Amino acid sequence: MEEKYDGVTTFKIGEVARRADVNKETVRYYEKRELIPKPDRRRSGYRIFNRRHIDQIKFIKQAQGLGFTLSEIKELLELRMDEDTTCSEIKSEAQEKYQDVVEKIKDLKQIKNTLIDLIDSCAGEGPKGDCPIINALEKDSETKKNLRSMNGTI
């Protein structure tokens with residue numbers, strides 16, 4: 001097995017992690033999720049990693065930075081390795097992710113506006129039972145209904 005690597009620079013897991021700027025557990029996790037090729041092992045049991053592993057981990061980290069999930073990254077990696085994949089297929093994946101991001105931004109803006117309204121509605125004084133933020137969060141909750149029935153009110 002080790003003769004296969006004559007003339008090829010190989011790395012132990014710690015060096016791969018350092019060069020890819022991740023921790024060893026991340027390398028193991030990516031291996032378990034089949035995001036990186038399963039490394040061969042030396043007679044001693046150590047994994048034999050090469051430059052391809054490092055490059056693939058860096059690819060994964062870059063894709064994560066753009067919001068791709070590990071499942072989506074696995075699809076991208078499969079497309080990347082498939083010789084029949086076209087650029088338009090990759091572009092389609094990126095367009096789908098873009099649409100997801102647009103939707104998330106829209107949702108986050110709604111959350112932001114709701115939080116601003118809640119913060120503005122609260123004077124920050126008085127008992128917590130009168131807090132409009134708590135009341136809004138408990139709106140239609142079973143806990144609130146149970147407290148009303150136990151106490152006669154909140």
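Residues numbered from 1 in each chain as written. Predicted model: local features only at pLDDT ≥ 70, side-chain atom pairs only at ≥ 80, totals over all residues. Heavy atoms only, no water.

> Looking at this structure, I do not really get the packing of aromatic side chains. What am I missing?
Here a ring pair, both rings aromatic, is described through the centre-centre distance and the interplanar angle of the planes. Under the definition given, this model contains zero aromatic pairs. One residue, lysine 12, lies across the ring of tyrosine 46, its end atom 4.5 Å from the ring centre. (Phe/Tyr/Trp six-rings, centres within 6.5 Å; stacked < 30°, edge-to-face > 60°. Lys NZ or Arg CZ within 6 Å of the ring centre and 35° of its normal.)

> Honestly, the sheet that holds strand S3 (residues 47–50) in this entry has me stumped. Any pointers?
Working definition: the strands of a sheet are paired by backbone hydrogen bonds and lie parallel or antiparallel to each other. Spatial strand order, S1-S3-S2: three strands in an open sheet with antiparallel pairing. Of all strands in the sheet, those with a lone pairing partner are strand S1 (10–11) and strand S2 (40–41), marking the two edges. In the sheet, S2 pairs with S3 via two bridges, with the strands oriented antiparallel. Paired with aspartate 40 across the strands is isoleucine 48, a residue of S3. (Pairing = 2+ DSSP bridges. Helix = DSSP H or I, 4+ residues; strand = E, 2+ residues; numbered from the N terminus.)

> Any chance you could explain unusual backbone geometry here in plain terms?
Residues other than glycine predominantly adopt negative phi, and peptide bonds predominantly adopt the trans conformation. Unlike most non-glycine residues, aspartate 21 shows phi in positive territory, near 60°. Note on aspartate 21: relative accessible area 69%, which makes it exposed. Positioned with a positive phi, glutamate 34 is a non-glycine residue whose angle comes to about 60°. Locating glutamate 34 in the fold gives a position in the loop between helix H2 (24–32) and S2. (Buried < 20%, exposed > 50% of the residue type's maximum accessible area, 1.4 Å probe, protein only.)

> Sorry if this is basic, but what is going on with helix H4 (residues 70–81) here?
Given 3.6 residues to a turn, an α-helix orients residues that are three or four positions apart in the same direction. If you check H4, its first and last C-alpha atoms are 16 Å apart, about what twelve residues at 1.5 Å a residue would give, namely 16 Å. Taken together, the buried residues of H4 touch H2, helix H3 (51–65) and helix H5 (87–121). (Expected span 1.5 Å × (residues − 1). Contact = heavy atoms within 4.5 Å.)

> Sorry if this is basic, but what is going on with the layout of surface pockets here?
Rolled over the atoms, a probe with the dimensions of a water molecule shows which regions are left empty. For the largest pocket, the calculated volume is near 150 Å³. Lining the largest pocket, in full, are Phe59, Gln62, Ala63, Leu66, Phe68, Leu76, Arg80, Ile90, Glu93 and Ala94. If you list the elements that add at least two residues to the lining of the largest pocket, you get H3, H4 and H5. Looking at the lining of the largest pocket, its residues break down into seven nonpolar, one polar and two charged. (1 Å grid on protein atoms, 1.4 Å probe; cavity = no way out; pocket = protein on both sides within 12 Å on 5 of 7 lines; lining within 4 Å. Points joined across faces, edges and corners; volume = space filled by probe spheres on them. Nonpolar A, V, L, I, M, F, W, Y, C, P; charged D, E, K, R; others polar.)

> Just checking my understanding: could you explain a negative patch on the surface for this structure?
A cluster of acidic side chains, namely Asp82, Glu83, Asp84 and Glu89, defines a negative patch on the protein surface. Accessibility expressed as a relative area gives 67% for aspartate 84, which makes it exposed. (Patch = residues over 30% accessible without salt bridge, like charges linked within 9 Å, V, L, I, M, F, W, Y side chains within 5 Å. Areas by Shrake-Rupley, 256 points an atom, 1.4 Å probe, with all protein chains shown as cover. Salt bridge = Lys/Arg side-chain N within 4 Å of Asp/Glu carboxyl O. Lys, Arg positive; Asp, Glu negative; His and termini not counted. Charge placed at Lys NZ, Arg CZ, Asp CG, Glu CD.)

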